[in-house]
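Inside the fold
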Amino acid sequence: MLTSLLLTAFLMGLAGIPHCTAMCGAACAAVFPRGVSVWTLLGRAIGYACLGVVAATAAGLVSR
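Reading guide: rules and limits
- Residues numbered from 1 in each chain as written.
- Predicted model: local features only at pLDDT ≥ 70, side-chain atom pairs only at ≥ 80, totals over all residues.
- Heavy atoms only, no water.
- Helix = DSSP H or I, 4+ residues; strand = E, 2+ residues; numbered from the N terminus.
- Rg over C-alpha atoms; globule rule 2.2 N^0.38 Å.
- Buried < 20%, exposed > 50% of the residue type's maximum accessible area, 1.4 Å probe, protein only.
- Areas by Shrake-Rupley, 256 points an atom, 1.4 Å probe, with all protein chains shown as cover.
- Patch = residues over 30% accessible without salt bridge, like charges linked within 9 Å, V, L, I, M, F, W, Y side chains within 5 Å.
- Salt bridge = Lys/Arg side-chain N within 4 Å of Asp/Glu carboxyl O.
- Disulfide = S-S within 2.5 Å.
- Bend = angle between axes of the 7 residues up to and from the residue.

1. Quick word on the overall build of the chain
In terms of regular secondary structure, the chain is built from two helices and zero strands. What you see for the chain is a C-alpha radius of gyration of 15 Å, clearly larger than the 11 Å of a compact globule of 64 residues, by over 25%. C-alpha extents for the chain along the principal axes are approximately 45 × 20 × 20 Å. Residue burial in the chain is summarised as follows: out of 64 residues, 0% are buried. Total accessible area on the chain stands at roughly 5,700 Å², and carbon and sulfur atoms take up 77% of it.

The structure is reproduced here in structure tokens:
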């Protein structure tokens, strides 16, 4: 079951790439004309992962 959850989360992340590009692409291009560094992208990914853990934990606690 854990494998299927991880696979689903991975596929949802891949499916979200076009959405994120459409929503934030123009704004990021205007603010960062020379591009965004890899460290910024890595920090953003880690931040979203941590917020996902918080949301999942909160939902798990509420469902009890």
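From this point, things continue past the structure.
2. Remarks on a nonpolar patch on the surface
A surface patch of nonpolar side chains, amounting to about 500 Å² of accessible area, comprises Leu7, Phe10, Leu11, Leu14 and Ile17. Here Ile17 is to be found in helix 1 (residues 2–31).

3. Quick word on the state of the cysteines
Evaluation of the coordinates by the stated rule reveals zero disulfides. Cys28 takes part in no disulfide bond, and the closest cysteine sulfur to it belongs to Cys24, at a distance of 5.6 Å. Cys28 gets classed as partly exposed once you look at its relative accessible area, which sits at 22%.

4. Notes on helix 1
Of all the bends in helix 1, the greatest measures close to 50 degrees and is centred on Cys24. With zero of its 30 residues buried, helix 1 lies for the most part at the surface.

5. Some details on the environment of His19
Examined against the element boundaries, His19 turns out to sit in helix 1. Here the alpha-carbon distance between His19 and Leu6, two residues 13 residues apart in the chain, equals 20 Å.

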